[in-house]
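# Architecture at a glance
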Amino acid sequence: MTTRRFEVYGTVQGVGFRPFVYRTAADLGLTGWVANVNGHVEGEVAGPPGVVERFAARLRSDAPALARVRRVRLSEGTPLSYGRGFQVRRSAPASADPTSREVPADAAICAACVGELRDPGDRRHRYPFINCTDCGPRATIIEDLPYDRIRTTMRAFPLCVDCAAEYSDPADRRFHAEPVACPVCGPRLAWEDLRGEEALRAAVGTITEGGIVALKGLGGYQLVCDATDPRAVAELRRRKHRPAKPFAVMVEGPLAASRLAMISATEERALTSPERPVVLLSRRRRRGTPPLAPEVHPGLARVGLFLPTTGLHHLLLDESARPLVVTSGNLSDEPVATDDTEAHRVLAGVADGFLTHDRVIRARYDDSVVQFAGRTRITVRRARGLAPAPLPLPAREPVAGVGAQLKHTFTLAADGRAVLGPHTGDLSDLAAHEAFQASYDHLRRLTGIEPRVLAHDLHPGYLSTQWARAQSLPRVAVQHHHAHVAACAAEHGVRGPFLGIAYDGLGLGDDGTLWGGELLVADLTGYRRVGRFATAPLPGGEAAVRHPSRTALGHLLGGEALGSPRPYPWLTRHFTDRLDPREVAVVTAMVAGNVNSPRASSAGRLFDAVASLLGLADRVSYEGEAAVLLEAAAGGTHAVPLAHRVVRADGLWVYDPAPTLADLLERQLGGEPVARLAAAFHLTLAIVTADLVARAVAEGAPRTVCLGGGCFVNRRLLTEVRRRLRAQGLRVLVGGHVPVGDGGISYGQAAVAGARLAGER
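Residues numbered from 1 in each chain as written. Predicted model: local features only at pLDDT ≥ 70, side-chain atom pairs only at ≥ 80, totals over all residues. Heavy atoms only, no water.

## Structural notes on the overall build of the protein
Put simply, the rule is: In DSSP terms, a helix is any run of H or I states spanning at least four residues, a strand is any run of E spanning at least two, and both are numbered starting from the N terminus. Here the globule rule is a power law, 2.2 Å times the number of residues to the power 0.38, and the radius of gyration is based on C-alpha atoms. Burial classes: relative accessible area under 20% of the type maximum marks a residue as buried, over 50% as exposed, and values in between as partly exposed (1.4 Å probe, protein chains only). Two residues qualify as a contact provided that any one of their heavy atoms is within 4.5 Å of a heavy atom in the partner residue. Here, Shrake-Rupley sampling with a 1.4 Å probe gives the accessible areas, and only protein chains in the shown set may cover a residue. Only four residue types enter the charge count, namely Lys and Arg as positive and Asp and Glu as negative; His and the chain termini do not. A single reference atom marks each charge: NZ on Lys, CZ on Arg, CG on Asp, CD on Glu.
Per the secondary structure count, the protein includes 23 helices and 32 strands. Here the protein has a C-alpha radius of gyration of 27 Å; the compact-globule value for 761 residues is 27 Å, and the two agree. Dimensions of the protein along its principal axes, counting C-alpha atoms only, are 90 × 65 × 45 Å. Residue burial in the protein is summarised as follows: out of 761 residues, 63% are buried. If you take every contact in the protein between residues at least 6 apart in sequence, the share linking residues at least 24 apart comes to 72%. Just so you have it, the protein exposes about 27,900 Å², and 52% of that area is on carbon and sulfur atoms. Taking the average place of the 91 positive charges on the side chains of the protein and the average place of its 80 negative ones, the gap between the two points comes to 4 Å.

## Notes on the nonpolar core
Let me state the cut-off plainly: What makes a nonpolar core is a set of buried Ala, Val, Leu, Ile, Met, Phe, Trp, Tyr and Cys residues whose side-chain atoms join them at distances within 4.5 Å.
Grouped together as the largest cluster of nonpolar side chains are 67 residues, with contacts concentrated most on Leu-499, Ile-501, Tyr-503, Leu-692, Leu-707, Phe-712 and Leu-725. Ranked by residue count, the leading element in this core is helix 21 (residues 674-698), at 13 residues. Beyond its immediate sequence surroundings of up to four residues, Leu-499 is in contact with Leu-520, Val-521, Val-530, Val-693, Ala-696, Val-697, Ala-701, Pro-702, Thr-704, Val-705 and Cys-706. Formed by 61 residues, the second largest nonpolar core is a distinct cluster that contains Phe-157, Leu-189, Leu-312 and Ala-414.

## A few points about the packing of helix 18 (residues 603-613) against helix 21
The condition that has to hold: To obtain each axis, a line is fitted to C-alpha atoms, and for helices this fit is confined to the stretch in contact; angles are then taken between N-to-C directions over 0 to 180 degrees. Orientation categories follow fixed angle ranges, with anything under 35 degrees roughly parallel, anything over 145 roughly antiparallel, 65 to 115 roughly perpendicular, and all other angles oblique. Two helices crossing with the near one rotated counterclockwise from the far one by less than a right angle form a left-handed crossing, whereas a clockwise rotation gives a right-handed crossing. Put simply, Ala, Val, Leu, Ile, Met, Phe, Trp, Tyr, Cys and Pro go in the nonpolar bin, Asp, Glu, Lys and Arg in the charged bin, and everything else, Gly too, in the polar bin.
Between helix 18 and helix 21, whose axes approach to 11 Å, the crossing angle comes to 155 degrees. When the interaxial angle is binned, helix 18 and helix 21 end up roughly antiparallel. Note that helix 18 runs across helix 21; the crossing there is right-handed. Contacts from Leu-606, Phe-607 and Val-610 of helix 18 reach helix 21 at Phe-681, His-682 and Leu-685. Tallied by class, residues from the contact of helix 18 with helix 21 come to five nonpolar, one polar and no charged.

## A short note on the pairing of strand 9 (residues 221-226)
The criterion, for reference: Note on pairing: two strands pair once DSSP finds at least 2 bridges between them.
Among the six residues of strand 9, six are classified as buried, and the element is accordingly described as predominantly covered. Bridge count for strand 8 (residues 213-216) against strand 9 is four bridges, and the pairing is antiparallel. Residue pairing for strand 9: Ala-214 is matched across the bridge by Leu-223. Between the end of strand 8 and the start of strand 9, which pair antiparallel, lie four residues, with Gly-220 showing a positive phi angle near 155 degrees. Bridge count for strand 9 against strand 14 (residues 324-328) is five bridges, and the pairing is antiparallel.

## As for the sheet that holds strand 19 (residues 399-401)
Pairing within the open sheet is mixed, and its six strands lie in the order 18-21-20-19-22-23. In this open sheet, the two edge strands, each paired with only one partner strand, are strand 18 (391-392) and strand 23 (475-478). With four bridges connecting them, strand 22 (residues 453-457) and strand 23 associate as parallel partners. Among the inter-strand pairings, Ala-455 is bridged to a residue of strand 23, identified as Val-476. Strand contacts of helix 12 (residues 463-470): strand 22 and strand 23, with the helix running at about 150 degrees to strand 22, the strand carrying the most contacts.

## Section: helix 9 (residues 311-320)
Each α-helix turn comprises 3.6 residues. Residues three or four places apart therefore point the same way. With eight of its ten residues buried, helix 9 lies for the most part within the structure. If you check which residues of helix 9 are buried, you get Gly-311, Leu-312, His-313, His-314, Leu-315, Leu-316, Leu-317 and Ser-320. Two residues or fewer past helix 9, Ala-321 is found with a positive phi of approximately 55 degrees.

## Notes on helix 12
To keep things clear, this is the line we draw: Arc, as used here, means the arc of the directions from the helix axis to the C-beta atoms.
Listing the buried residues of helix 12 in full gives Ser-464, Thr-465, Trp-467 and Ala-468. Viewed along the axis of helix 12, the buried residues span an arc of 160 degrees, placing them on a single side of the element. Against the buried residues of helix 12 lie helix 11 (430-447), strand 22 and strand 23.

## What to know about the packing of aromatic side chains
To describe a pair of aromatic rings, you give the distance between the ring centres and the angle between the ring planes. Formally: The pairing test for Phe, Tyr and Trp rings, Trp by its six-membered ring, is centres within 6.5 Å, and the orientation test on the planes gives stacked under 30 degrees, edge-to-face over 60, and tilted for anything in between. We count a charge as sitting over a ring when the NZ of a lysine or the CZ of an arginine lies within 6 Å of the ring centre and within 35 degrees of the ring normal.
Counting across every chain of the model gives 16 aromatic pairs. Relative to Phe-20, the ring of Phe-17 has its centre 5.2 Å away and its plane inclined at 70 degrees; by these criteria the two rings are edge-to-face. Of this pair, Phe-17 and Phe-20 are both found in helix 1 (residues 17-28), three residues apart, which corresponds to roughly one turn of the helix. Classification of Phe-20 by relative accessible area gives buried; the value is 8%. Through a chain of ring-to-ring contacts, three or more aromatic side chains come together here, namely Phe-410, Phe-436, Tyr-440 and Trp-467. Above the ring of Phe-247, the side-chain terminus of Arg-237 is found at 4.2 Å from the ring centroid. Geometry around Trp-653 places Arg-648 over its ring, the cationic atom sitting 4.6 Å from the centre.

## Brief notes about the sheet that holds strand 1 (residues 2-11)
Hydrogen bonding along the main chain pairs the strands of a sheet, whether they run parallel or antiparallel. One open sheet accounts for five strands, arranged 4-1-3-2-5; its pairing is mixed. Only two strands of the sheet have a single neighbouring strand rather than two, namely strand 4 (68-76) and strand 5 (86-88). Strand-to-strand twist across the sheet, computed as the mean angle between neighbouring axes with direction ignored, equals 15 degrees. By the bridge criterion, seven bridges tie strand 1 to strand 3 (residues 40-47) in an arrangement that is antiparallel. Bridge pairing in strand 3 places Val-8 opposite Val-41. Set on the sheet, helix 1 makes contact with strand 1, strand 2 (31-37), strand 3, strand 4 and strand 5; between it and strand 5 the angle comes to about 175 degrees.

## Thoughts on the environment of Leu-215
Within the element layout of this structure, Leu-215 appears in strand 8. Considered as a pair, Leu-215 and Pro-243 are 28 residues apart in the sequence and their alpha carbons are 21 Å apart. For Leu-215, the residues in contact, after removing those within four places along its chain, are Gly-220, Tyr-221, Gln-222, Val-224, Leu-312, His-313, Leu-316 and Leu-355.

What follows is the structure in structure tokens.
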């Protein structure tokens, strides 16, 4: 006989790991015990040496699907007699390194629970909060670790006799499932004075009659309406102050999704995964398919679909018998509501009724959003189901990246891993700032990561930068675009120098100007700029971001003088003739006098300018809208590239867009369709990128290329750029699990801070 002590680190709490250990030991005839300790699992096992070794190997090879085993540590155990059988002991804090703590993400309802939900003979038939060890709330209900019911918001619901028996039975699927509940002892639905099934019927009735329901979901409130009803969707837009940004649609399963969109095998795997993200898909046009209301995704060829994440979602779909818009329970740009009182205050003017329940949401998690370019996953928003699952990061000392301003996240990192916090939104008001700080404090306490250094953006006006400066910790300022490409490099484990391409809206450069179309030779500690886009003024500064027509005028009237003529005056008049002459006069004066017209080398703003020149978007209601419409307009159209020019200026390779814009206007005036011109612009930008990279590589730049920035959410641009760079024999990387846009900035900041600290040792 031999006795071995085992410690298992990673995401091993809240994923059925202790029941798995119990069953494995019992199957092998071993004795011993297992327990949750701090943030990991440990125990002892006794039996024949060969069998004990098989047990140890299976801890990693046969772990539950939701588990992520990072490390298994084995040592000599205490030579005690455990008698017959194997025990699951009560959890207790231990003196282990607190940075071993990993918080499990929420998991969507599993197939077994869906079967019970629909089984009239099951005691949980139609119970909205059904779950087991393989599914259900995790991060959204955890208050502390080790992960036990008493340290979650489920402690308010003492187990009934039947649930307690399941919870204690090693052979049961709900053995040590901490959120386990049933209609007798668990949370209950409420709609005004109605409870349970009556509350559900009231909500369904409101939806089918064209109303809007505020639904208390896993990580926050959601707004729900009939996705096939144009009036309901239009009214939701009006009340939510969201005039154009597309809504996500929930459908019953893959078959229902395939009726609305074209779905690859890779996309279907994402749709049906335990994470259940919203997946952006190409819309299907087919006769006989009940159409979604055009207001769901106005002017776009893609639609965001997802499958139900909870029993309550399934019941709503079953009863409504139609696809449902399910969007964040907030007003535009504000944090998602989680508290019941807060939700009624914020959403009173939006929802026609509230379908709520009495389980507290401890942590705010919006829905995750992903898309695919071929088989490559691009994370647009990392939130429910994905966060706060850890990611690798080469940082040993505890550090934190506090993110940017838009699409805000934060990152805590230590011991070679990073926890990317949930999507906060736009950090532009007090509510968003308070949501960030509450989430940061909660996750810092849960993970045990106490940062020694805070990394922040260079921009002094960002609330995240101001917050970092107010803390009593050492700080590291990280340039915005370096953070973008560092995030990509760190995710892929690139340690040496690389060539970074950062295309986004705006970020403050180290020279005090606004950047956004950048080529950087970099590593995780620093960078040098080797290429850029030409600059153009942004008349009105922030106002130009909301008015792409201003950005277009900035390019036409004040683009950087690089030796090529600006678009001919008569071509400019062709554009300005359809604009308000008073605005044209004001903008012309601002550009001529250099009044409130900061210059920017931004790829994102160039997309805005082209969208306006083509008549697609003179004004926008959300960041990136013009670029989204330009990509949609291009569709799958074949195109001939526009004129383009790359020059040498101040030691950098610079793309001069003046010939591109002149050619675009001439071809537009000649009657070339908007779709072909939109496609031509995408193709031209890819050709220019390949040209810039080829020149940089010829001068000694690394042959590993890391792509970053929100422009690479554009699948057409990403696909064409990657194809052309690979044709040069280059290794091309793009973020997959880390958001490619500003949601990944904090991860890149943490990577840079960690690398600089390591270099100082």
